[in-house]
Amino acid sequence: MPIRPRRNRKNAFIRDLVAETDLSASRLILPVFVHESHDNVPIPSLPGCTMWSIPGLVEEVGRLLELGITSIDLFPCVPEDRKTPNAEEAFNPDGIIPRTIIALKEIYPELIVHADVALDPYNSEGHDGIVQHYSDGTFEILNDPTVEVLCQQALCFAEAGADVLSPSDMMDGRIAAIRSALDAERMENVSLMSYTAKYASAMYGPFRGALESAPGLGDKKTYQMDPRNLREAIREATLDEAEGADILMVKPATMYLDVVYAMRQCTTLPIAAYHVSGEYLMLKAAAASGWIDEQSAVLETLTSIRRAGADMILTYYAAQAAQWLQENC
């Protein structure tokens, strides 16, 4: 008797019934950019994305919630005159991120607000950590002094009302330190979504262009992970879980689906994957050229990330994808 797998593909209802992977708006997190201006400005390096004013973002969130997007992740564009070697603006309670969190939570208390915890937008040298210069012309990104500042930043954002803190710096021991700092201040309900396996990728250029946060010297390879390594990601996952992380993240997403899959096998914690700016822009450019159908390619890409094991996806396509999913229901 012939075996006919095609019976499970014979129409759309059957295909939906036997589908192994789902993609829904509730699985998507939209990274958003905010600045001090009163204007909402298109971002040249990320077509379709906007640098929001606080009032503009508050208005936009109403539309996102109607689309089923319930989570956003905040990233600041910090004026150059507020960037310093020790990144003091990172924990300014009157800074752009605390004020944005307060404004959003006042109108949309149900919104899940993630806040990125890292120093690069606030550091005058564009690094995720404090830079120590030496007399021979070399420099080092200091781990433990950076973690101390990250704890102050985390507390500042948590006090403003952030639901989830997202340490993206890749400093050693920062999850344990931030968790201890939060718990000591009775903020044990604030979640930590750790950038567990953040690779030193070539795919971050459009993001750094949007925030003007590229490193002024050297690169980030002494703290971000080597793209050649997978087992190292499992080591980082084991450490972050033991230190108190609630969610583990792989960044970038589509070029590291093997890492997403491997991490899914080694932990019961939720896994996030960040579909980064370069991955977004490649799809945008291919669609603009007419060589691919944007909707089909994007939904296929996001589904592949879910299929690899990601429970949630950070993507600049979140609102568009949610709209497409809504229209296809």
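That block above? That's the structure.
Only a predicted model underlies this, so the values are computations on that prediction, with no experimental measurement involved.

**Student:** I'd like a description of the overall build of the chain, backed by residues and values.
**Tutor:** Within the chain, the secondary structure is distributed over eleven helices and twelve strands. When its C-alpha atoms are laid out on the principal axes, the chain stretches across 75 × 45 × 45 Å. The buried share among the 329 residues of the chain stands at 53%. For the chain, the proportion of contacts with a sequence separation of at least 24, taken over those separated by at least 6, is 74%. With the model as given, the accessible surface of the chain reaches about 15,300 Å², and the carbon-plus-sulfur share is 52%. Between the centroid of the 27 positive side chains of the chain and the centroid of its 47 negative side chains there is a distance of 12 Å.

**Student:** An account of the packing of helix α2 (residues 54–67) against helix α11 (residues 318–328) is requested, with residue identities and associated values reported.
**Tutor:** Orientation of α2 relative to α11, taken along the N-to-C sense of each, is 40°, at an axis distance of 9 Å. In this view, α2 runs oblique relative to α11, as classed from their interaxial angle. For the pair α2 and α11, the crossing hand works out as left-handed. Packed against α2, whose contacting residues are Arg63, Leu64, Glu66 and Leu67, the element α11 presents Ala319, Ala322, Gln323 and Gln326 at the interface. Split into classes, the residues belonging to the contact of α2 with α11 amount to four nonpolar, two polar and two charged.

**Student:** Please provide a residue-by-residue account of the pattern of salt bridges, values included.
**Tutor:** Within the structure shown, the criterion is met by 18 salt bridges. In this structure, arginine 27 engages aspartate 22 in a salt bridge whose closest nitrogen and oxygen atoms are separated by 3.9 Å. Taking the relative accessible area as the measure of exposure, aspartate 22 reaches 36% and is therefore partly exposed. Across the salt bridge formed by arginine 82 and glutamate 89, the nearest N and O atoms sit 3.9 Å from each other. With relative accessibility at 33%, the residue arginine 82 sits in the partly exposed group. Look at glutamate 89 and you get buried, because its relative accessible area is 14%. In this structure, a network of salt bridges that share partners links the residues Glu36, Arg82, Glu89 and Arg99.

**Student:** Could you give me a rundown of the packing of aromatic side chains, with the residues and numbers involved?
**Tutor:** Counted according to the given criterion, the structure contains eight aromatic pairs. When the ring of phenylalanine 33 is compared with that of phenylalanine 75, the centres are 6.2 Å apart and the planes differ by 40°; the resulting orientation is tilted. Of this pair, phenylalanine 33 sits in strand β1 (residues 28–34) while phenylalanine 75 is found in strand β4 (residues 71–76), placing the two residues 42 residues apart along the sequence. Exposure remark for phenylalanine 33: the relative accessible area of 1% places this residue in the buried category. Accessibility expressed as a relative area gives 2% for phenylalanine 75, which makes it buried. Plain terms: the ring middles of tyrosine 280 and tyrosine 317 are 4.6 Å apart, the flat faces sit at 55° to each other, and that makes the pair tilted. Residue tyrosine 280 is found in helix α9 (residues 277–289), and its partner tyrosine 317 is found in the loop between β12 (312–315) and α11; the two are separated by 37 residues along the sequence. For the pair formed by tyrosine 280 and tyrosine 317, the shared burial category is buried.

**Student:** Quick rundown of unusual backbone geometry? Include the residues and the values.
**Tutor:** Only a minority of non-glycine residues have a phi that is not negative, and only a minority of peptide bonds are not trans. Note that the residue after lysine 251, namely proline 252, is joined by a cis bond; omega there is -5°. Relative to the helices and strands, proline 252 resides in the loop between β10 (247–251) and α8 (257–266). Although it is not a glycine, methionine 170 sits at a positive phi angle of roughly 70°. Looking at the secondary structure, you find methionine 170 in the loop between β8 (164–167) and α5 (174–184). Located in the positive-phi region is arginine 186, a residue other than glycine, with phi close to 60°. Mapping arginine 186 onto the fold places it in the loop between α5 and β9 (191–198).

**Student:** How would you explain the pairing of β8 if you had to name every residue and give the values?
**Tutor:** Residues Val164 and Ser166 line one face of β8 and the alternating positions Leu165 and Pro167 line the opposite face, and both faces are buried. Inspection of the sheet shows strand β5 (residues 112–117) paired to β8 by four bridges, in the parallel sense. Residue alanine 115 lies in a different strand from β8, and its bridge partner there is leucine 165. Note that β8 and β9 share two bridges and pair parallel. Across the sheet, residue leucine 165 finds its bridge partner in β9, namely leucine 192. The parallel pair β8 and β9 is bridged by α5, and the resulting crossover is right-handed.

Scoring rules and cut-offs
Going along each chain's sequence as written, the residues are numbered from 1 onward. In view of the model being predicted, local features appear only for residues whose pLDDT reaches at least 70, and side-chain atom pairs are presented and counted only at 80 or more, with totals across whole chains, interfaces and linings using the full set of residues. Heavy atoms from the whole structure form the basis of all side-chain values; hydrogens and water molecules are not counted. Put simply, DSSP marks the helices as runs of H or I at least four residues long and the strands as runs of E at least two long, and each gets a number from the N terminus on. In this scheme, a residue with accessible area under 20% of its type's maximum is buried, one over 50% is exposed, and one in between is partly exposed, where area comes from a 1.4 Å probe on protein chains only. Between two residues, a contact is recorded if the distance between any of their heavy atoms is within 4.5 Å. Note that accessible areas follow from Shrake-Rupley with a 1.4 Å probe, and for residues the cover is restricted to the protein chains shown. Neither His nor the chain ends contribute to the count of charged residues, in which Lys and Arg are positive and Asp and Glu negative. Working definition for charges: the position is that of NZ of Lys, CZ of Arg, CG of Asp or CD of Glu. All axes are obtained by fitting lines to C-alpha atoms, using only the stretch in contact for helices, and the reported angles, taken between N-to-C directions, cover 0 to 180 degrees. Reported orientations rely on four angle classes, namely roughly parallel under 35 degrees, roughly antiparallel over 145, roughly perpendicular from 65 to 115, and oblique for the rest. The handedness criterion is simple: a crossing whose near helix is rotated anticlockwise from the far helix by less than a right angle is left-handed, and one whose near helix is rotated clockwise is right-handed. Here the term charged refers only to Asp, Glu, Lys and Arg, the term nonpolar to Ala, Val, Leu, Ile, Met, Phe, Trp, Tyr, Cys and Pro, and the term polar to all other amino acids, Gly among them. Note on definitions: salt bridges are taken to be side-chain nitrogens of Lys or Arg within 4 Å of carboxyl oxygens of Asp or Glu. Stacked, tilted and edge-to-face pairs are distinguished by plane angle, under 30 degrees for stacked and over 60 for edge-to-face with tilted covering the rest, among Phe, Tyr and Trp rings (Trp via its six-membered ring) whose centres lie within 6.5 Å. The criterion for strand pairing is that DSSP finds at least two bridges linking the strands in question. Orienting the strands away from the viewer, one traces the path from the first strand over the helix to the second; a clockwise path indicates a right-handed crossover.

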